[in-house]
Amino acid sequence: MNGTLRRGTVALSATVALLLASACGSDSGGSDGGASWWHIQTGEQALSDLFPQLAEEFNEANDANIQPEPIANDDFKPALTTAMQAGDPPDIFHSWGGGVLAQYVRAGLVKDITDDVSDIVQNMSPGALAPYTIDGRIYGLPFDMGMVGMWYNKALFEEAGLDPDNPPATWSELLDAVTALKEAGITPIAIAGAAPWTQHYWFSYLSIRIMGVDGYTAAREAKSFDDPGFLQAAQLWKELVDMEPFQDGFLQQGYGGEDSSPAVFGAGGAAMHLMGQWDPSVQESSSGTSLGDDLGWFPFPAVEGGAGSIDEVYGGGNGHAVGANAPDYAVDFLVFLATEAYDRILEQEPSIIPVTLDAEIPASEVNRILIQESVANASSFQLYFDQDLPPAVGDQVNASVGAITDGSATPEEAVQQMHETFQAEPDFQVEE
Amino acid sequence: MTEVNQRGVASVPDRAAAHRPAAPSGGVPARHRAGPAARRKRRGPSPLTILLFMLPGLAMFGLLVVIPVVSAIYFSFFKWNGLGGPPGISETSEWLGLGNFARAFSDSVFRGDLLRGLVLMVLSLTVQLPFSLALALLLHQKFPGRTIFRLLFFAPYVISEVITGVLFGVVLRQEGGLVNELLRSAGLGSLVPANGWLGTRSILLVVAFVVITWKYFGFHMIIYLAGRQNIPRELTEAAMTDGATPWQAFRHVTLPLLGPTIRVTIFLSVIGVIQLFDMIFVLTGPNYGGPGHAAETMAITMYRHGFQRFEVGYASAISVIMFLICLVFALAYIRFVMRRDIEGAVTNVGGRR
């Protein structure tokens, strides 16, 4: 029986051993084995081929030793968490910026590169750079900049008697469109019910349409969700959920893969899909087909009487940050990626939106140009809530919005949960 | 010359041992020749030797079990995001005392975890184990193809929990999933839940239980089968000869003799439920236990707080609570329920006989 008892102990200690490892981890930043480069471009074939080439060229030209390590998105997050908790950050690592990066910065794990990049950031979209700017200093460089918007199926719109060239611009128009689509027997909206982060896009967009980005920023500074705007956003979302506009069985479908919301939308099974700039490639890989010219895009509609406007943009990009113990050439490599190599990245025509002010997208890519213009002309820019807020609060926002969607919480309860989690968030001040 | 001398000298105790088996002797041949009495009287190895041989084991146990447990207990007293060195030194840590534990027991999600664990335990003990027992007794009978059935029923246990999760994710798909397609082709399409088997809060825990049962019934069945085969046929035959009905023979002969086996499976089952993680985690994807926490377990809550929310202190507190629940249950169960079964196998507390 000792054996079975030990099973219990072993399972537990395996967990704790991880924590222990984190406590004992040593700083071993790239002094001997080169500089590790953790990137997550595993889905985009063009980039996963190009990135190692770029590293090799840079290594030869500069007598450096950059070692690319591609990691799948879902594996990357816990891997980075573990490395960071061990006090041993990778030398160059993928980052979305925001509150998660800020947490690492405040723990002294990320290199301040402000002085090294002051020239090249002049040619960068300020909105793209903002998530990597923490307390006025720059801690990373973006290579992609995008936003969340409504992908829609023009053919299905037409079938329901809606004008595909004149998509909904206000919330009530959107609700009307949902009704019309339902009456025509078309699923109005595809959503990943099992992946609450996809639903939080709806809630966050409604919040900034109602309160404006300024209103949200003020609430974040006050560590509070008690602004009535959040409750109204939750109620509007609940109202939409109650119209039952989603595909059959949406609550067990995630994002990406055969049985998922992009697969449903990509195969023409639903009329709208609120998602980021990368979605078309996921639609194609998940559904195995392409909507082609039927695929359209419009910005999230305005809410009547809201303080926010339709040209306020919600989204984020992809970029890299440098670990605190990285060799100096790691920063040079980041600069190389953002300058000489950047044109070659864009030549591959990946589904990314350029961050440099002078870059151009081929005219055939109508939707990408639409997104790029929306980002460029944005009156203000808001990073994803779940990256912008401290990790615990961001996760609670996702969980609470998910609870409204599956009916396990009322809008009041959901916003209250977010508020309580934010209030409980510690305010550690770390001396540099 | 010295060699010969040495050999000659060495042979003396050998011969002596052969003549006087009871005498203490150190020679290897003597040990073989000597009876059990000699072995018992032989002087045992010194405490130092014992310690030396135990050292590797002790070191591993200390390193892999004691230190992690102790550090988890230490972490659980802090609010700590896991960064900047151990709590207390890290600038992003704050002493909370028992605050994390108070938080866990006032958190509706964690309290729900406990309740869901209890439901799964009750279901396991009242449905899964009796089902496995019935199958084991059935497969104990002689009939053609018996081995094939035993093999088939045991097969799910060999598959890893993660693969089971992925497998049932596909089987339970809303469109094109095996279960729904079978139901629809049998004209029972109305039984398909509108939100899917894995998306309906009210049934998700039961669905998860069915998957757990699918995976583990074969394991319990094999244990029962082994236990059943150890019961001599004469006992049942004697009972039947004395006029017992088959049910009476089962109730008063087979079942009592299976007692130790049943008690072991109950123990394994309960401990398994307390630690349940992988399968639910895979089944419910990025939703951590499904809509409305419908199938969330303690281990999933711990993972979410530790790895997603950077609340390492709170996650450690949950792990400590899990550990204590396991420990208290295991000790109490072994002490009170399995006492008779393990008499002599485990050191008796206080040398009691």
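Residues numbered from 1 in each chain as written. Chains lettered and ligands numbered in written order. Predicted model: local features only at pLDDT ≥ 70, side-chain atom pairs only at ≥ 80, totals over all residues.

Enquirer: Looking at this structure, I do not really get the overall build of chain B. What am I missing?
Expert: From N to C terminus, chain B includes 15 helices and two strands. Counting across all 353 residues of chain B, residues that qualify as buried make up 33%. Considering only intrachain contacts with a sequence separation of at least 6, the fraction spanning at least 24 residues in chain B is 59%. (Helix = DSSP H or I, 4+ residues; strand = E, 2+ residues; numbered from the N terminus. Buried ≥ 20, exposed ≤ 12 C-beta atoms within 10 Å, placed from the backbone. Contact = placed C-beta atoms within 7 Å.)

Enquirer: What exactly am I supposed to notice about the overall build of chain A here?
Expert: A count of helices and strands for chain A gives 18 helices and eleven strands. Taken over the C-alpha trace, chain A has a radius of gyration of 22 Å; the compact-globule value for 432 residues is 22 Å, and the two agree within 12%. Oriented by its inertia axes, the alpha-carbon framework of chain A measures out at about 65 × 60 × 45 Å. Relative to its full complement of 432 residues, chain A shows a buried share of 53%. Pairs at least 24 apart in sequence give 77% of the contacts found in chain A among residues at least 6 apart. (Rg over C-alpha atoms; globule rule 2.2 N^0.38 Å.)

Enquirer: What's the story with the interface of chain A and chain B in this structure? I'm lost.
Expert: A common way to express how large an interface is: the accessible area buried when the components associate. Residue-level contacts link 44 residues of chain A with 51 residues of chain B. When residues of the side of chain A that touches chain B are traced back to their parent elements, those giving at least two are helix 1 (2-24), helix 3 (73-85) and helix 17 (391-406) of chain A. Considering each element in turn, the side of chain A that touches chain B owes the most residues, 15 residues, to helix 1 of chain A. Across the side of chain A that touches chain B, the residue classes break down as 23 nonpolar, 16 polar and five charged. (Nonpolar A, V, L, I, M, F, W, Y, C, P; charged D, E, K, R; others polar.)

Enquirer: Whenever I open this one, the confidence of the model for chain B confuses me. Can you help?
Expert: For any part of a model where pLDDT is low, the fine detail of the predicted coordinates should not be relied upon. Residues and elements named next belong to chain B. The share of residues in chain B with pLDDT of 70 or more is 85%, and the mean pLDDT across the chain is 85. Here residues 1-34 scores under 50 on pLDDT; set against residues more than four positions off or in separate chains, the count is 25 contacts. At the level of chain-chain contacts, confidence expressed as ipTM amounts to 0.82, with global pTM at 0.82. (pLDDT = per-residue confidence, 0-100.)

Enquirer: When you look at the pairing of strand 7 (residues 149-153) of chain A in this model, what are you seeing that I'm missing?
Expert: Along any regular strand, the residues point their side chains to alternate faces of the sheet. Residues and elements named next belong to chain A. With five of its five residues buried, strand 7 lies for the most part within the structure. Summarising the sheet, strand 7 and strand 9 (residues 295-298) pair through four bridges and their orientation is antiparallel. Residue pairing in the sheet places W151 in a bridge with W297 of strand 9. (Pairing = 2+ DSSP bridges.)

Enquirer: Whenever I open this one, the nonpolar core confuses me. Can you help?
Expert: Across soluble globular proteins, nonpolar side chains have a tendency to be buried as a group. With 181 residues, the main nonpolar core has L334(A) and I318(B) as its most contacted residues. Apart from the residues lying within four places of it in its own chain, the contact partners of I318(B) are A104(B), F110(B), M298(B), T301(B), M302(B) and H305(B). (Core = buried A, V, L, I, M, F, W, Y, C linked by C-beta atoms within 7 Å.)

Enquirer: How do you make sense of the sheet that holds strand 9 of chain A when you look at a structure like this?
Expert: Working definition: the strands of a sheet are paired by backbone hydrogen bonds and lie parallel or antiparallel to each other. Residues and elements named next belong to chain A. An order of 8-7-9 is seen for the three strands of this open sheet, with the pairing classed as antiparallel. In this open sheet, the two edge strands, each paired with only one partner strand, are strand 8 (272-275) and strand 9. Adjacent strand axes in the sheet meet at a mean angle of 30° when their direction is disregarded. Bridge count between strand 7 and strand 8: four bridges; the pairing is antiparallel. (Axes fitted to C-alpha atoms, helices over the stretch in contact; angles between N-to-C directions.)

Enquirer: I'm lost on the packing of helix 10 (residues 228-242) of chain A against helix 18 (residues 411-424) of chain A in this one. Help?
Expert: Between two packed helices, both the angle of their axes relative to each other and the distance between the axes serve to describe the pair. Residues and elements named next belong to chain A. At a closest axis distance of 9 Å, the pairing of helix 10 and helix 18 adopts a crossing angle of 135°. Here helix 10 is positioned oblique relative to helix 18, judged by the angle of their axes. Where helix 10 crosses over helix 18, the two elements pack in a sense that is right-handed. Only P411, E412, A414 and V415 of helix 18 make contact with helix 10, whose side of the interface consists of F230, L231, A234, Q235 and K238. (Parallel < 35°, antiparallel > 145°, perpendicular 65-115°, else oblique. Left-handed = near helix turned anticlockwise from the far one by under 90°.)

Enquirer: How should the packing of helix 7 (residues 146-158) of chain B against helix 10 (residues 201-229) of chain B be read in this particular structure?
Expert: All names here are of chain B. Across the interface, helix 7 lies against helix 10 with an axial gap of 7 Å and an inter-helix angle of 120°. If you check the angle between helix 7 and helix 10, you find them oblique. Judged by the sense of rotation from one axis to the other, the crossing of helix 7 with helix 10 is left-handed. Together, F153, F154, A155, P156 and Y157 of helix 7 and W214, K215, Y216, G218, F219, M221 and I222 of helix 10 make up the contact between the two elements. Residue composition of the contact of helix 7 with helix 10, by class: ten nonpolar, one polar and one charged.

Enquirer: So what exactly am I meant to see when it comes to unusual backbone geometry here?
Expert: Here the phi dihedral of K223(A) falls at roughly 50°; this positive angle occurs in a residue that is not glycine. Relative to the elements of secondary structure, K223(A) occurs in the loop between helix 9 (196-221) and helix 10.

Enquirer: Honestly, the environment of L257(B) in this entry has me stumped. Any pointers?
Expert: All names here are of chain B. In this fold, L257 is placed in helix 12 (residues 246-274). Exposure remark for L257: the 16 C-beta atoms within 10 Å place this residue in the partly exposed category. Linking L257 and G227, residues 30 residues apart in sequence, is a C-alpha distance of 8.3 Å.

Enquirer: I keep staring at the domain arrangement of chain A and nothing clicks. Help me out?
Expert: All names here are of chain A. Per the domain assignment, the segments of chain A are domain 1 (31-146 + 315-363) and domain 2 (149-314 + 387-424). Computed from C-alpha coordinates alone, the two centres of domain 1 and domain 2 are separated by 29 Å. The interface of domain 1 with domain 2 comprises twelve residues on the first partner and 13 residues on the second. Among the elements of the structure, helix 4 (98-106) and strand 10 (312-322) are those that each provide at least two residues to the side of domain 1 that touches domain 2. Considering every element that reaches the side of domain 1 that touches domain 2, the biggest residue donor is helix 4, with four residues. Taken together, the residues of the side of domain 1 that touches domain 2 sort by class into three nonpolar, eight polar and one charged. (Domains from an automatic or database assignment.)

Enquirer: Even after reading the chapter, I still don't get the confidence of the model for chain A, so can you show me in this structure?
Expert: Of all residues in chain A, 90% have pLDDT values of 70 or greater, and the mean over the chain is 86. Confidence, expressed as mean pLDDT per element, reaches its minimum in chain A at helix 1 of chain A with 42 and its maximum at helix 10 of chain A with 97.

Enquirer: Sorry, what's going on with the environment of I113(A) here?
Expert: Residue and element names in this part refer to chain A. For I113, the position within the fold is in the loop between helix 4 and helix 5 (114-117). A tally of 21 C-beta atoms within 10 Å means that I113 is categorised as buried. On a C-alpha basis, the gap between I113 and I138 in space is 5.8 Å, while along the polypeptide they are 25 residues apart. Those residues in contact with I113 that sit more than four places away from it in its chain are I138, Y139, V322, V331 and L334.

Enquirer: How should the environment of M54(B) be read in this particular structure?
Expert: If you trace the backbone, M54(B) turns up in helix 4 (residues 47-75). C-alpha separation for the pair M54(B) and F336(B), spaced 282 residues apart in sequence, amounts to 30 Å.

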